[in-house]
Amino acid sequence: MVSLGLIVAGGIYLSSHIPKHVSLTAPVILLVLSALLMATNMVSLARVKEFDWPRFFSVARWSLLAYLIIAALIEYAFLQNHVRGGTLVILTLSLVVFAVHVPTLIGFTVARYVNSDQMDAGPAHP
Amino acid sequence: MVPEFTIVPVPGLVIAVVVLVLIVIAIAVNKVWPLMFLHVVGGAGWTIVDLFVGLLVGPIIGRLPLQSRIDFVTRFMPKMVVLMPILVATTLAAGWQLASNLGFTFTGTPQHPWLVASFIVVGVMSVLALGLLEPANIAVLIELKKPRPNGMVIERLMKRFVYCAGVLGIMQVATFVIMTKLGSM
């Protein structure tokens, strides 16, 4: 969630300055922090014992397709508005992080409950 | 007992693809009316769903017995899986292009501070919707697809969905203020 918040903050900062020239320092810092946080999350996830990776990927890959399409649409809108150079690179990388991040969250939320019938949750629903 | 349902309804996907094609065309043509149409229709749909689900339907779902909740969720949530992302994408893409077309993205214009305010409100709503609401929505549906769904997991995820929808509904009031202000300038 924090990683997603950072990438969205960077996107808002850049979008609010386009089409003027904008310093890329703050968006680059936000992008790097977001990517690092996401990578840390993925490493932590990989260390979880008995994590249901098949279920994670079965959900995440379709979500990835959906969010890649949405990210491509946003990228297309930026290109149509003649966003170029460093700003375009940062926005594109931010969209890549966004498109990977949301499916990861969805896949994780589904996979963490995959063995819920074995959880101590009282009687299962019929 | 869980009724038969599909997590992602295929007819909904067809409509979503048609809407996506319309957005691409509207952005390429860059005329005010198609962009305004898609932005207003998408935004109205998004706002109404958030307000209705967050402030009216959500609290009602929270008080229903588990079986009634399951009956409702299996009919309602698959539609939300397709509807919300496409409504949000339509509103944001058409809105951005419209703002560029009308010159609101230039920092000197009186509309620009309101535009930035709308970016911030939408940004916060996106993080909540994409980070909490959408995963909970899909996880509930997948839980309900199991031979023995866990009532506690459904309860926990639904609580997250209902609270999150409530916050989004309240935040949509800020969108009303910003958009009516922009429209009247």
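Residues numbered from 1 in each chain as written. Chains lettered and ligands numbered in written order. Predicted model: local features only at pLDDT ≥ 70, side-chain atom pairs only at ≥ 80, totals over all residues. Heavy atoms only, no water.

Would you explain the interface of chain B and chain A in this entry?
A common way to report how large an interface is uses the accessible area buried once the components associate. Listed by partner, the interface residues are 45 residues for chain B and 38 residues for chain A. On the surface where chain B and chain A come into contact, there are zero salt bridges. Taken together, the connections running from chain B to chain A amount to four residue pairs in polar contact (both at pLDDT 80 or more). Only α1 (10-29), α3 (66-102), α4 (112-144) and α5 (151-184) of chain B provide two or more residues apiece to the side of chain B that touches chain A. Per-element tally for the side of chain B that touches chain A: the top contributor is α4 of chain B, with 16 residues. Its residues assigned to classes, the side of chain B that touches chain A shows 29 nonpolar, 10 polar and six charged. (Contact = heavy atoms within 4.5 Å. Salt bridge = Lys/Arg side-chain N within 4 Å of Asp/Glu carboxyl O. Polar contact = N/O pair within 3.5 Å; in protein donor to acceptor, adjacent residues only side chain to side chain. Helix = DSSP H or I, 4+ residues; strand = E, 2+ residues; numbered from the N terminus. Nonpolar A, V, L, I, M, F, W, Y, C, P; charged D, E, K, R; others polar.)

Explain the side chain of Ser15 of chain A here, please?
Structurally, the position occupied by Ser15 of chain A is in helix α1 (residues 2-15). Residue classification places Ser15 of chain A among the buried positions, given a relative accessible area of 10%. Ignoring anything within four residues of it in the chain, the contact list for Ser15 of chain A reads Phe78 of chain A together with Trp96 and Phe119 of chain B. (Buried < 20%, exposed > 50% of the residue type's maximum accessible area, 1.4 Å probe, protein only.)

Honestly, the packing of aromatic side chains in this entry has me stumped. Any pointers?
Per the stated rule, a full pass over the model turns up eight aromatic pairs over all chains. Centre to centre, the rings of Phe56 of chain A and Phe57 of chain A are 5.2 Å apart; their planes meet at 85°, and the pair counts as edge-to-face. By relative accessible area, which is 3% here, Phe56 of chain A ends up buried. Aromatic side chains Trp96 of chain B and Phe119 of chain B sit 6.0 Å apart centroid to centroid with 40° between the ring planes, which places their arrangement in the tilted category. Pair noted here: Trp96 of chain B is in helix α3 and Phe119 of chain B is in helix α4, with a separation of 23 residues, a long-range link. Since its relative accessible area comes to 9%, Trp96 of chain B is described here as buried. Taken together, Trp53, Phe56 and Phe57 of chain A form an aromatic cluster joined through their ring pairs. (Phe/Tyr/Trp six-rings, centres within 6.5 Å; stacked < 30°, edge-to-face > 60°.)

Where do I start with helix α2 (residues 32-63) of chain B in this structure?
Residue pairs spaced three or four apart in an α-helix point in one direction, given the helix's 3.6 residues per turn. Its 32 residues give α2 of chain B an end-to-end C-alpha distance of 45 Å, which sits within 8% of 46 Å, the value for a rise of 1.5 Å per residue. Along its length, α2 of chain B reaches its greatest deviation from straightness, about 45°, at Val57 of chain B, and the proline Pro59 of chain B lies no more than four positions downstream. (Expected span 1.5 Å × (residues − 1). Bend = angle between axes of the 7 residues up to and from the residue.)

What's the story with α4 of chain B in this structure? I'm lost.
Residues and elements named next belong to chain B. For α4, with 33 residues, the first-to-last C-alpha span of 46 Å sits near the 48 Å given by 1.5 Å per residue. In α4, a bend of some 35° at Ala129 exceeds every other bend along the element. Extensive coverage of α4 is indicated by the burial of 26 of its 33 residues.

Which parts of the structure should I look at to understand the environment of Ile86 of chain B?
All names here are of chain B. Here Ile86 lies in helix α3. For the pair Ile86 and Val19, spaced 67 residues apart in the sequence, the C-alpha separation amounts to 7.7 Å. Discounting chain neighbours no more than four positions away, the residues touching Ile86 are Ala16, Val19 and Leu20.

Looking at this structure, I do not really get the pattern of salt bridges. What am I missing?
Oppositely charged side chains can form a pair if their charged atoms are brought close together. All names here are of chain B. Under the definition given, this model contains two salt bridges over all chains. The partner of Arg69 in a salt bridge is Glu155, and the shortest N-O contact between them spans 3.0 Å. Within this pair, whereas Arg69 is found in helix α3, its partner Glu155 is found in helix α5, the two being separated by 86 residues in sequence. For Arg69, a relative accessible area of 10% corresponds to the buried category.

How should the packing of α3 of chain B against α4 of chain B be read in this particular structure?
Two quantities define a packed helix pair, namely the angle between the helix axes and the distance between the axes. Residues and elements named next belong to chain B. At a minimum axis distance of 10 Å, the contact between α3 and α4 shows a crossing angle of 155°. Put simply, α3 runs roughly antiparallel to α4. Remark: the crossing between α3 and α4 carries left-handed chirality. Of the residues in α4, those in contact with Ile70, Val73, Thr74, Met77, Pro78, Met80, Val81, Pro85, Leu92, Trp96 and Ala99 of α3 are Leu115, Phe119, Val122, Glu134, Asn137, Ile138, Val140, Leu141 and Leu144. By residue class, the composition of the contact of α3 with α4 is 17 nonpolar, two polar and one charged. (Axes fitted to C-alpha atoms, helices over the stretch in contact; angles between N-to-C directions. Parallel < 35°, antiparallel > 145°, perpendicular 65-115°, else oblique. Left-handed = near helix turned anticlockwise from the far one by under 90°.)

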